[in-house]
Amino acid sequence: AKLTVQDTGCGIPEEILPRIFDPMFTTKSFGEATGLGLSIVHDIINEFKGKIDVKSQKGLTSFVVYLPIKQEE
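Numbering of residues starts from 1 in every chain and runs along the sequence as written. The predicted nature of this model means local features are confined to residues of pLDDT at least 70 and side-chain atom pairs, given and counted, to a pLDDT of 80 or more, with totals for whole chains, interfaces and linings taken over all residues. Values reported for side chains reflect all heavy atoms of the structure, with hydrogen atoms and water molecules removed beforehand.

A. Examining the overall build of the protein chain more closely. The secondary structure listing takes helices from DSSP runs of H or I that are at least 4 residues long and strands from runs of E that are at least 2 residues long, numbered from the N terminus. Assigned secondary structure in the protein chain consists of one helix and three strands. A burial count over the protein chain gives 22% of its 73 residues as buried. When checking whether two residues touch, look at their non-hydrogen atoms; a contact exists if any pair is within 4.5 Å. Counting contacts in the protein chain only where the partners sit at least 6 residues apart, residues at least 24 apart contribute 48% of the total. Only the protein chains shown count as cover for residues, with accessible areas throughout obtained via the Shrake-Rupley method and a probe of 1.4 Å. Just so you have it, the protein chain exposes about 6000 Å², and 57% of that area is on carbon and sulfur atoms. For the purpose of counting charges, residues Lys and Arg are taken to be positive, whereas Asp and Glu are taken to be negative. His and the chain ends are not included. One atom stands in for each charge, and that atom is NZ of Lys, CZ of Arg, CG of Asp or CD of Glu. Considering the protein chain, the positive charge centre built from 8 side chains and the negative charge centre built from 10 side chains are found 4 Å apart. For every residue, the accessible area obtained with a 1.4 Å probe (protein chains only) is divided by the maximum for its type, and the residue is called buried under 20%, exposed over 50%, and partly exposed between those limits.

Written as C-alpha cells, this is what we have:
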C-alpha cells in the first residue's frame, strides 16, 4: 500500500533532512516540541516492514509511506 502526504509550506532545509527521523531532533525552541513525532512514525513503519521516503523543496514537501499488504494464505 502507498500513502502520500504533502504540504506546500516552507520545506525542510537540505542540511537537516537526514536528521528528521532522529529521536529528540527538533528545530523548535526548548519546551515547544519533543522531537519524537517523526521518530515514532519511522519506528512504526519499520515495525510493519514498510518504508518512508521524503522529498522536500521550498513550497512542497512529500512523505511517501509504503507498507506491505498481507497476502491471504
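B. Expanded view of the pattern of salt bridges. The rule for a salt bridge is simple: a side-chain nitrogen of Lys or Arg has to be within 4 Å of a carboxyl oxygen of Asp or Glu. On inspection of all chains with the given rule, the structure shows one salt bridge. Across the salt bridge formed by Lys-51 and Asp-53, the nearest N and O atoms sit 3.8 Å from each other.

C. Spatial organisation of the sheet that holds strand S1 (residues 2-7). Ordered in space as S1-S3-S2, the three strands form an open sheet in which the pairing is antiparallel. Whereas interior strands pair on both sides, the edge strands pair on one side only; in this sheet they are S1 and strand S2 (51-57). Pairwise comparison of adjacent strand axes, ignoring direction, gives a mean angle of 10 degrees for this sheet. In the sheet, S1 pairs with strand S3 (residues 60-66) via six bridges, with the strands oriented antiparallel. Its bridge partner lying in S3, Lys-2 is registered against Tyr-66. Working convention: axes come from line fits to C-alpha atoms, limited for helices to the stretch in contact. Angles between N-to-C directions cover 0 to 180 degrees. Strands S2 and S3 of the sheet are contacted by helix H1 (residues 37-47), whose axis makes an angle of about 140 degrees with S2. For two strands to pair, DSSP has to find at least two bridges joining them.

Function-wise, these values are silent; they only describe arrangement.
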